[in-house]
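The primary structure of each chain is shown beneath.
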Amino acid sequence: MKRLLSGNEAVAHGAWEAGVSVAAGYPGTPSTEILETFARFPHVYAEWAPNEKVALDVAIGAAYAGRRALATMKHVGVNVAADAFMYAAMTGTEAGLVIVSADDPSMHSSQNEQDNRQFAKFARIPCLEPADSQDAKDLTIAAFDLSEQFDTPVMLRMTTRICHTSTPVEVDARRQEHPPLIDKYPRNPAKYVMVPANARKRHPIIEHRLEDLAAFAESFAFNRVEMRDRALGIITGGVAYQYAREIFPDASILKLGMTYPLPQKLIRDFAGRVDRLIVLEELDPFIEDQVRLMGVTLWPEQVAYPHTKSIFPITGELNPAIVRQSAQAAGLLPDAGDAEEAGASATAASPQPLPAGQKIRGNGDLDLPARPPVLCPGCPHRGVFYILHKLKVPVNGDIGCYTLGVVPPLSAIHTTGCMGASIGVAHGAAVAGDKERHVAVIGDSTFFHTGIPALLNVAYNRSNVITIILDNRTTAMTGHQANPGTGKTLQGQETTEIEIEPLVRALGIDQVVTIDAYEVEAIEKTLKQWLKQDGPAVLIAKHACALLPQERRKYVALEVDPNACNGCTICFRIGCPAILKSDQLDPKYHRPLAEIDPLLCTGCEICARVCPRDAISFRDQVVHLHFEA
Amino acid sequence: MKNATSSQPTTSLPPLNILLTGVGGQGTILASNIVAEVGVALGYDVKKAEVHGMSQRGGSVVSQVRWGRQVFSPIIPPGEVDFLLAFEKLEALRALHYLRPGGQLIVDPHAIPPVTVTSGDAHYPDDDAIQAKLARVTPHVHWIPGVTIAEELGNAKAANVVLLGAFSALLGHAPDQWLDVIRQRVPPKYMELNERAFRRGRELIQTERE
Ligand SMILES: Cc1ncc(C[n+]2csc(CCOP(=O)(O)OP(=O)(O)O)c2C)c(N)n1
């Protein structure tokens, strides 16, 4: 039966059909739905781990124990898991182990752009790349077979457009039966205990494995030649295959389902059958560099060091317009005359971003107001940033919804790097002797992810850092996943709800308070007091995300009293989408009065608390008003 | 295993390109799921692409659907959209460069001012400017007051289905296949509301034609 599935759903179906029994991951766009889908299948175990490193160790542990296992993460998650990634490549496993890396070219929701095929090459493990959802399912199944055949972890490299594009997939209601591949847990230190003496013996083994894999790649069914016109041959894989078909409908194509290691003979044969050979791939010249290293002639023959990518851009995701334009600029396709049309001024291998669909065909003559993402109405993060902005302190931020605290009018974050960085970066400034006292701001899920060791460091090395943990009781940014603080597991089981305050104390921080995140006065008072003192301190600003069902039930829209409001603009400075400038002007200063959109307001009262003229009703006032009316 | 070497014919008819746009929370993704499933029900190859993440926090949401005998790229090039469905009029302008000159535009006159307007200095374009701008790309602008109609019917959330009704009528489709797909996608207690919303959208296109 054919069903429309996203690439992520297809991977989950593939893993289930392949008999995977354990899957672990940490949420991260665009990977999240793989585990969410897999967790709903019968007879499987799936978990959110606190971070990707733990998730990968868990999957490795299951595969050592003879059960097929899957680990899922976004591209930067592999950075976090890299240590585990590297040893697993050395040891191999008893049963199949597949690591999904969901890359995010163009950084639709990521802090950096990286091509994780490089990780597969780095670790000498195979890299498979699907071109649509059917491929994603089939390659997932193939990846497990490959993993067991060659005793190697396999990377399944996805990208945003594969993860979040839905295409028809043949789904099978059957699951391969995969009883544990071993009766007893392996006692095989030569293979699984990576002390130097053993590791030294393993390294040549994995280099030989790589040669065997390269030989296997020659006949791997997902490396496929499609002969059409011989004038142009394209080596491609992943979503770039689709753009190749779209823009060069007549070209012959070598579609690679495995982009590492490459099938050398197949590539040479294909090169011999076409007049001109090019590589079309997203981000790094990963295939291109390898093909040139083989001594196969690509068109154009010369590339400029250090950007060895020819024809297509090295930054940002591809799309049909960029592929067409780059091909035109290189002289591969006739010029359409109006290159303006397609939007970007592509020059070969230019490191400039070429965003799709911007400054195209003059939307410019009408200046459209931007619609940036913002903290939602009722967001419990808002008050903390309003206060931090007011206190004018340097703030080292982290990754989550609360990164939006950087957006005006809150404008309260000064650095953001990767998950867990806030506390260490603030500590670094403190120990460097920076004159100002630093505040690190971190979400609950991010604190569990990589914040704990960093805070331990602050306690241990006694720095002057104030840490604010924004505990909104969920992993909001990626779609409200459970985490160790929520009391629920991925598969819906009740579990211990890890309390942050005792944990922080146990890390060695004495100065700790928990305050309701809506209580802006109390937060301000505490921070002001701490700024006058020395030593580590932690404020836990706790209130559940306003989008969670239990919070939605409490929504009450507040109201502005137009007779009391004088348009002072203070409530505008909290950056709440529910507060509007009304058409009514204040008679004295002729400033627009504030008005509240009743459909958006949740009744969090932050605006009411900051209003100096008590012009905004509190919740119980609104309720009274309506009872009396 | 042996690599398949196939000689395939080159592409046939170009696919039908549909782009849906709105503001986070308006049900743009749900609507595009319905469009994609209808394509499958009609026997097409279908691709539906969207971007999750930051766009959900009150930002613009765009979803692209392509129906055809064989669809390759999930992304539609600018200037090649045949049907643009906009659940908010500012978002119609923002996505306008995707529309093929002379393409069909279905747009809800509903306005959701972004924060840059409500608490900043940006200005929400006025209706004359919007209309003039749209008219420069296509004469086929169908104003469908989905939010108003859905509110009349008792639930503003059904606004997207009003526009889907209009879309089905523009395609000349009978309602049945669409309603079947909608039935699979919405909770039973909302089906009657959605069916009425869908039919109201169709009627608006039919009266346009009279
Ligand atoms: C290494 C890594 N893994 C995953 C992500 C994706 N990601 C970004 S923010 C976030 C969750 C943040 O949750 P929390 O700290 O609770 O903040 P909230 O969004 O709830 O405010 C995740 C998982 C990432 N950016 N980096």
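Predicted model only: the values in this text are computed from it and were never measured. (Residues numbered from 1 in each chain as written. Chains lettered and ligands numbered in written order. Predicted model: local features only at pLDDT ≥ 70, side-chain atom pairs only at ≥ 80, totals over all residues. Heavy atoms only, no water.)

## Observations regarding the overall build of chain B
Right, so step 1: A tally of helices and strands in chain B yields eight helices and seven strands.
Right, so step 2: For 210 residues, the compact-globule formula gives about 17 Å, and the C-alpha radius of gyration of chain B, at 18 Å, lands near that figure.
Right, so step 3: Out of the 210 residues belonging to chain B, those deemed buried represent 56%.
Right, so step 4: Restricting the contact set of chain B to residue pairs at least 6 apart, pairs at least 24 apart contribute 64%.
Right, so step 5: Carbon together with sulfur atoms contributes 52% to the accessible area of chain B, which is approximately 8,500 Å² in total.
Right, so step 6: Charge-centre separation for chain B: the mean point of 20 positive side chains lies 8 Å from the mean point of 21 negative side chains. (Helix = DSSP H or I, 4+ residues; strand = E, 2+ residues; numbered from the N terminus. Rg over C-alpha atoms; globule rule 2.2 N^0.38 Å. Buried < 20%, exposed > 50% of the residue type's maximum accessible area, 1.4 Å probe, protein only. Contact = heavy atoms within 4.5 Å. Areas by Shrake-Rupley, 256 points an atom, 1.4 Å probe, with all protein chains shown as cover. Lys, Arg positive; Asp, Glu negative; His and termini not counted. Charge placed at Lys NZ, Arg CZ, Asp CG, Glu CD.)

## A short note on the interface of chain A and chain B
Often, the extent of an interface is quoted as the loss of accessible area on bringing the components together.
Right, so step 1: With 65 residues of chain A at the contact, the number on the chain B side is 67 residues.
Right, so step 2: Buried area between chain A and chain B, summed over both chains or domains, comes out near 5,500 Å², and the portion from carbon and sulfur atoms is 57%.
Right, so step 3: Applying the counting rule to chain A against chain B returns four salt bridges.
Right, so step 4: The partner of R324(A) in a salt bridge is E80(B), with the nearest N and O atoms 4.0 Å apart.
Right, so step 5: Counting the contacts that link chain A with chain B gives ten residue pairs in polar contact (both at pLDDT 80 or more).
Right, so step 6: Listing elements by their share of the side of chain A that touches chain B, those giving two or more residues are β8 (165–170), β9 (224–226), α11 (240–247), α12 (264–273), α14 (320–330) and β19 (579–585) of chain A. (Buried area = accessible area lost by both parts, 1.4 Å probe. Salt bridge = Lys/Arg side-chain N within 4 Å of Asp/Glu carboxyl O. Polar contact = N/O pair within 3.5 Å; in protein donor to acceptor, adjacent residues only side chain to side chain.)

## Describing the state of the cysteines
Residues and elements named next belong to chain A.
Right, so step 1: According to the stated counting rule, one finds zero disulfides over all chains in the structure shown.
Right, so step 2: Just so you know, C401 is unpaired, no disulfide at all, and the nearest cysteine sulfur is the one on C379, 6.6 Å from it.
Right, so step 3: With relative accessibility at 9%, the residue C401 sits in the buried group.
Right, so step 4: Here C601 is not cross-linked by a disulfide; its sulfur's nearest cysteine counterpart is in C607, at 6.1 Å. (Disulfide = S-S within 2.5 Å.)

## Concerning the sheet that holds strand β1 (residues 2–6) of chain A
Right, so step 1: Strand order in the open sheet formed by eight strands is β1(A)-β8(A)-β3(B)-β4(B)-β2(B)-β5(B)-β6(B)-β7(B), and the pairing between neighbours is mixed. Only two strands of the sheet have a single partner each, and these edge strands are β1 of chain A together with β7 (141–143) of chain B. For this sheet, the mean angle separating the axes of adjacent strands, direction not counted, is 20°.
Right, so step 2: The pairing of β8(A) with strand β3 (residues 45–50) of chain B spans two bridges and is antiparallel. Within the sheet, the bridge partner assigned to S166(A) lies in β3(B) and is K48(B). (Pairing = 2+ DSSP bridges. Axes fitted to C-alpha atoms, helices over the stretch in contact; angles between N-to-C directions.)

## Regarding the pattern of salt bridges
Right, so step 1: Within this structure, the stated rule accounts for 42 salt bridges over all chains.
Right, so step 2: Put simply, R371(A) and E88(B) hold a salt bridge, and the shortest N to O gap is 3.2 Å. You can see R371(A) sitting in the loop between α14 and α15 (382–391) and its partner E88(B) sitting in the loop between β5 (81–86) and α2 (89–94), one on each of two chains. Across the pair, E88(B) and R371(A) agree in class, each one buried.
Right, so step 3: Through salt bridges with shared partners, a single network forms among D103(A), D115(A), R117(A), E129(A), R157(A) and E281(A).

## Focus: the environment of V279(A)
All names here are of chain A.
Right, so step 1: With respect to the secondary-structure elements, V279 resides in strand β13 (residues 276–280).
Right, so step 2: Placed 37 residues apart in sequence, V279 and Q242 show a C-alpha to C-alpha distance of 13 Å.
Right, so step 3: Discounting residues that sit within four places of it in the chain, V279 has contacts with I235, I287, E288, L298 and F312.

## So, the sheet that holds strand β14 (residues 395–396) of chain A
Residues and elements named next belong to chain A.
Right, so step 1: Across the sheet, which stays open at both edges, the five strands sit in the order β14-β15-β16-β18-β17 with parallel pairing between neighbours. Of all strands in the sheet, those with a lone pairing partner are β14 and β17 (511–516), marking the two edges.
Right, so step 2: In the packing of helix α16 (residues 421–431) onto the sheet, the strands contacted are β14, β15 (439–443) and β16 (466–471), and the crossing angle to β15 comes to about 170°.

## Observations regarding the side chain of T160(A)
All names here are of chain A.
Right, so step 1: If you trace the backbone, T160 turns up in helix α8 (residues 160–163).
Right, so step 2: At 2.6 Å, the side chain of T160 forms a polar contact with the side chain of D104.
Right, so step 3: Apart from residues no more than four positions distant in its own chain, T160 is found in contact with P30, D103, D104, P105, H108 and T165.

## Some remarks on the confidence of the model for chain A
Right, so step 1: With 94% of its residues at a pLDDT of 70 or more, chain A shows a mean pLDDT of 94.
Right, so step 2: The model gives residues 339–364 of chain A a pLDDT under 50, and that stretch makes 53 contacts with residues more than four places away or in other chains. (pLDDT = per-residue confidence, 0-100.)

## Notes on unusual backbone geometry
Residues and elements named next belong to chain A.
Right, so step 1: Put simply, Y260 and P261 share a cis peptide bond, and its omega is -15°.
Right, so step 2: Considering the arrangement of structural elements, one finds P261 in the loop between β12 (258–260) and α12.
Right, so step 3: Put simply, P408 and P409 share a cis peptide bond, and its omega is 5°.
Right, so step 4: Among the secondary structure elements, P409 is positioned in the loop between β14 and α16.
Right, so step 5: For S106, which is not glycine, the phi dihedral falls at a positive 80°.
Right, so step 6: You can see S106 is positioned in the loop between β5 (97–103) and α6 (117–123).
Right, so step 7: Classification of S106 as partly exposed rests on a relative accessible area of 29%.
Right, so step 8: Here the phi dihedral of D151 falls at roughly 50°; this positive angle occurs in a residue that is not glycine.
Right, so step 9: On the basis of relative accessible area, D151 is assigned to the partly exposed category, the value being 22%.

## Some thoughts on the domain arrangement of chain A
Residue and element names in this part refer to chain A.
Right, so step 1: In terms of domain boundaries, chain A breaks down into domain 1 (2–217), domain 2 (224–348), domain 3 (382–546) and domain 4 (553–618).
Right, so step 2: Distance from the C-alpha centre of domain 3 to the C-alpha centre of domain 4: 28 Å.
Right, so step 3: Opposite the ten residues of domain 3 that make contact, domain 4 presents twelve residues.
Right, so step 4: Summed over both partners, the interface of domain 3 with domain 4 buries about 1,100 Å², with 61% contributed by carbon and sulfur atoms.
Right, so step 5: Together, R382, Y386 and Y518 form the three largest contributors to the area buried by domain 3 at its contact with domain 4, with a combined 53%.
Right, so step 6: The interface formed by domain 3 and domain 4 holds one salt bridge in total.
Right, so step 7: With a closest N to O distance of 3.0 Å, E521 and R609 form a salt bridge.
Right, so step 8: Here domain 3 is connected to domain 4 by five residue pairs in polar contact (both at pLDDT 80 or more).
Right, so step 9: The set of elements that each furnish at least two residues to the side of domain 3 that touches domain 4 consists of α15 and α19 (520–531).
Right, so step 10: If one sorts the elements of the side of domain 3 that touches domain 4 by residue count, α15 sits on top with three residues. (Domains from an automatic or database assignment.)

## Observations concerning helix α10 (residues 196–217) of chain A
Right, so step 1: Its 22 residues give α10(A) an end-to-end C-alpha distance of 31 Å, which sits within 8% of 32 Å, the value for a rise of 1.5 Å per residue.
Right, so step 2: All of the buried residues along α10(A) are N198(A), A199(A), R202(A), I206(A), R209(A), L210(A), L213(A), F216(A) and A217(A). (Expected span 1.5 Å × (residues − 1).)

## With respect to the site of the ligand
Residues and elements named next belong to chain A.
Right, so step 1: Around the ligand sit 26 residues in total, of which E52, H381, D444, T446 and A476 are the nearest.
Right, so step 2: Backbone polar atom of T474 to an oxygen atom of the ligand: 3.0 Å apart, as the coordinates give it.
Right, so step 3: The backbone of M477 places a nitrogen or oxygen atom 2.9 Å from an oxygen atom of the ligand.
Right, so step 4: Within the residue set of the shell around the ligand, elements represented by two or more residues are α4 (75–80) and α17 (444–460).
Right, so step 5: Per element, the largest residue contribution to the shell around the ligand is four residues, and it comes from α17.
Right, so step 6: Partitioned by chemical class, the residues of the shell around the ligand number ten nonpolar, 13 polar and three charged.
Right, so step 7: Lining the shell around the ligand are residues from two domains, each supplying at least three of them: domain 1 (2–217) and domain 3 (382–546). (Near = heavy atom within 4 Å. Nonpolar A, V, L, I, M, F, W, Y, C, P; charged D, E, K, R; others polar.)

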